[in-house]
Amino acid sequence: MQENFSLQPYNTFGVAAKAKYFVESNNIEELKDALTFSKEKSLPLLLLGGGSNILLTKDFDGLAIQLNLKGISEEDLNENEILVTAKAGENWHEFVMYCLNKNYGGLENLSLIPGNVGTSPMQNIGAYGTEIKDVFVNCQVLDLENLELKNFNLEECRFGYRDSIFKQEGKGRYIILEVTFKLTKKDHRIKTEYGAITSELEKMGIENPSIQDVSKAVITIRQSKLPDPKIIGNAGSFFKNPTIPLVQFETLKSKFDNIQGYPNGNVVKVPAGWLIEQCGWKGKQIGNVASHKLQSLVIINATGDATGKEIFDFSTEIINSVKDKFGIELEREVNII
């Protein structure tokens, strides 16, 4: 247990903030001990995974726990399907690479997403036509109310777009300890229709891609668009893509004929990056904070000296300008602490 501990290395924005108390938990018993300590002292809790989806706007006056549970296990289901379980502290991209090296399919489109396995179900991470819910079986959690273990299946997690029970009524109650996925061993379903994957594969000269080829294409695309948080502080996509009624989209299209949208029944998903770019934010810098020059959806700690409050205020200005121009209110995807 450490006091007055710097969290700067534990958040991908690289924001300087301290926790009153900090501890690393390498197993469930250590985790329970830390939770007992926090309860005895009536301390608020901050669970840290890869630190890729948080913005620390001030020092944390409580106990920050770095969840460091590690391990991967497998269980064959049949000739084509296998269950793969990863502990919460496993790095997400390294876990995806582990599966691809064994030719297990289902996660290849989610390559290079920052963070750890334990946080993946919280917001139903997704990219290039795939979401966690497509391969999710269950997750084991620790219930903070009674320190008992519990399992959540697919239905109980109530996954939505960047959403789950862990961001709704279960927020702050459960700690995800491990996640189980059902993957394929041979009859892989190749998804190349979303985004720039097809064109990237063409550049690579590949007509019949393997799951490894799809992963390489996704990695190339992400690296060309998104800054490496090890080089420049960021948390990836800062905002969710908003979903609006079809009627509202048609009204906007009469005014902005080049507006982008992906219809789904009576609603349309509008790319947040496009909205932000249309408001002149792409590459714009205010003080220590900027919108990335290649992807306006990403807010960066441009100088390395930005405070969490500066980043939050910058995001508020973006939200206000998009709402003023399009009547659409963007929602932050990043957790604000």
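These numbers were taken from a predicted model, which means no experiment stands behind them.

## Focus: the nonpolar core
One broad rule of soluble globular proteins: the nonpolar side chains tend to lie buried together.
And then number 1: Core analysis: the largest hydrophobic core is formed by 38 residues, its most contacted members being Trp92, Phe95, Leu107, Cys139, Phe166, Phe181 and Leu183.
And then number 2: Going through the elements one at a time, strand S7 (81–87), helix H2 (92–101), strand S10 (136–143), strand S12 (174–184), helix H4 (197–203) and helix H5 (211–225) are the ones with two or more residues in this core.
And then number 3: Setting aside residues no more than four positions away along its own chain, Leu107 makes contact with Trp92, Phe95, Val96, Cys99, Val135, Phe181 and Leu183.
And then number 4: Counting 31 residues, the second-largest nonpolar core is a separate cluster that includes Val15, Ile244, Leu297 and Ile319.

## A closer look at the pattern of salt bridges
And then number 1: Counted under the stated rule, the structure contains 19 salt bridges.
And then number 2: Between Glu200 and Lys203 there is a salt bridge, and its shortest N-O distance comes to 3.8 Å. Of the two residues, Glu200 and Lys203 are both situated in helix H4; the distance of three residues between them amounts to about one turn of the helix.
And then number 3: Two residues, Glu331 and Lys240, come together in a salt bridge whose shortest N-O distance is 3.2 Å. Of this pair, Glu331 sits in the loop between helix H8 (308–326) and strand S20 (335–336) while Lys240 sits in the loop between strand S13 (233–237) and strand S14 (243–245), and the two are 91 residues apart along the sequence.
And then number 4: Each member of the salt-bridge network shares a partner with another, and the members are Glu131, Lys133, Asp134, Arg162, Lys191 and Glu333.

## Observations regarding the sheet that holds S10
And then number 1: With respect to topology, five strands assemble into an open sheet ordered S6-S7-S12-S10-S11, the strand pairing being antiparallel. Either end of the sheet is taken by a strand with one partner, and the two such strands are strand S6 (72–76) and strand S11 (148–153). Across the sheet, the mean angle separating the axes of adjacent strands is 20 degrees when strand polarity is ignored.
And then number 2: Pairing geometry for S10 and S11, over six bridges, is antiparallel. Looking at the pairing, Leu142 lines up with Leu149 of S11.

Conventions adopted
- Position labels on residues start from 1 in each chain and follow its written sequence.
- Reporting of local features is limited, given that this is a predicted model, to residues whose pLDDT is at least 70; pairs of side-chain atoms are given and counted only at 80 or more, and all residues count toward the totals for whole chains, interfaces and linings.
- The side-chain quantities take in all heavy atoms of the structure and omit both hydrogens and water.
- As used here, the term nonpolar core means buried Ala, Val, Leu, Ile, Met, Phe, Trp, Tyr and Cys residues forming a set that is joined through side-chain atoms within 4.5 Å.
- For every residue, the accessible area obtained with a 1.4 Å probe (protein chains only) is divided by the maximum for its type, and the residue is called buried under 20%, exposed over 50%, and partly exposed between those limits.
- Secondary structure counts use DSSP, requiring at least four H or I residues in a row for a helix and at least two E residues in a row for a strand, with both numbered from the N terminus.
- Residue contacts are counted whenever heavy atoms from the two residues lie within 4.5 Å of one another.
- Here, a salt bridge means any side-chain nitrogen of Lys or Arg that lies within 4 Å of a carboxyl oxygen of Asp or Glu.
- Pairing between two strands requires that DSSP report at least two bridges joining them.
- Geometry is summarised by axes, namely lines fitted to C-alpha atoms with helices restricted to the contacting stretch, and by angles between N-to-C directions that run from 0 to 180 degrees.

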